[in-house]
Amino acid sequence: LLLGRDPRLSGPSLLNSFSRGLTTTQGLTTNTTNIATTPSIFQACLTGYADYGCIVTASHLPSDKNGFKIFDKHGPISVERRDELL
């Protein structure tokens, strides 16, 4: 799982917590890019660099908001697929 984030102040804490949670509870291996763009994380999935990607971002929302966008090689995954994976 490739993880990235936008430059919001909440990003590092959310990214680290998400990574720790997935590593300890799901046994997943995560690789972190730190600041990245949404398309770059998706491209990593398309090219086979990562099976899944997640970016902590909220693009146009206020600076105190943030969320997680999760991808596989087909694009953003659905809520149902997310729940299966997590």
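Procedures and definitions
- Residues numbered from 1 in each chain as written.
- Predicted model: local features only at pLDDT ≥ 70, side-chain atom pairs only at ≥ 80, totals over all residues.
- Heavy atoms only, no water.
- Helix = DSSP H or I, 4+ residues; strand = E, 2+ residues; numbered from the N terminus.
- Rg over C-alpha atoms; globule rule 2.2 N^0.38 Å.
- Buried < 20%, exposed > 50% of the residue type's maximum accessible area, 1.4 Å probe, protein only.
- Areas by Shrake-Rupley, 256 points an atom, 1.4 Å probe, with all protein chains shown as cover.
- Lys, Arg positive; Asp, Glu negative; His and termini not counted.
- Charge placed at Lys NZ, Arg CZ, Asp CG, Glu CD.
- Pairing = 2+ DSSP bridges.
- Right-handed = clockwise from strand over helix to strand, strands pointing away.
- Contact = heavy atoms within 4.5 Å.
- Axes fitted to C-alpha atoms, helices over the stretch in contact; angles between N-to-C directions.
- Salt bridge = Lys/Arg side-chain N within 4 Å of Asp/Glu carboxyl O.

1. Here's the deal with the overall build of the chain
Of the regular secondary structure elements, the chain holds 3 helices and 5 strands. Each helix and strand of the chain, ordered N terminal to C terminal, gives the series β-α-β-α-β-β-β-α. Taken over the C-alpha trace, the chain has a radius of gyration of 12 Å; the compact-globule value for 86 residues is 12 Å, and the two agree within 12%. The principal-axis extents of the C-alpha atoms in the chain amount to approximately 30 × 25 × 25 Å. Looking at the chain as a whole, 34% of its 86 residues qualify as buried. About 5,400 Å² of surface is accessible on the chain, with carbon and sulfur atoms providing 55% of the total. Charged side chains in the chain number 8 positive and 7 negative. The centres of these two groups are separated by 6 Å.

2. Considering the pairing of strand β2 (residues 31-35)
For strand β1 (residues 2-5) and β2, the ladder comprises 4 bridges, and the chain directions are parallel. If you follow Leu 3 over to β2, its bridge partner there is Thr 32. The parallel pair β1 and β2 is bridged by helix α1 (residues 11-26), and the resulting crossover is right-handed.

3. Quick word on unusual backbone geometry
Negative phi characterises most residues that are not glycine, and trans characterises most peptide bonds. The backbone of Asn 34 shows a phi angle near 65°, a positive value even though the residue is not glycine. Residue position: Asn 34 is located in strand β2.

4. A few points about the sheet that holds β1
Taken in spatial order, the 5 strands of this open sheet run β2-β1-β3-β4-β5, and their pairing is mixed. Of all strands in the sheet, those bounded by a partner on one side alone are β2 and β5 (75-76). Bridge count between strand β3 (residues 53-57) and strand β4 (residues 67-72): 5 bridges; the pairing is antiparallel. Bridged to Thr 57 within β4 is Gly 67. Contacts between α1 and the sheet are confined to β1, β2, β3 and β4, with β1 contributing the most and set at about 165° to the helix. With respect to the sheet, helix α2 (residues 38-46) is in contact with β1, β2, β3, β4 and β5, its orientation differing from that of β4 by roughly 30°.

5. Some words on the pattern of salt bridges
Summed over the entire model, instances satisfying the criterion amount to 2 salt bridges. Ionic pairing is found between Arg 8 and Asp 6, a salt bridge with its closest N-O pair at 2.9 Å. Each member of the pair, Arg 8 as well as Asp 6, carries the same accessibility label: buried. Here Glu 84 and Arg 81 are joined by a salt bridge, their closest N and O atoms 3.3 Å apart. One end of the pair is Glu 84 and the other is Arg 81, both in helix α3 (residues 79-85) and 3 residues apart, which spans about a single turn. Residue Glu 84 is classed as exposed on the basis of its relative accessible area, which comes to 61%. The class of Arg 81 is partly exposed, set by a relative accessible area of 30%.

In short, geometric facts, not functional conclusions.
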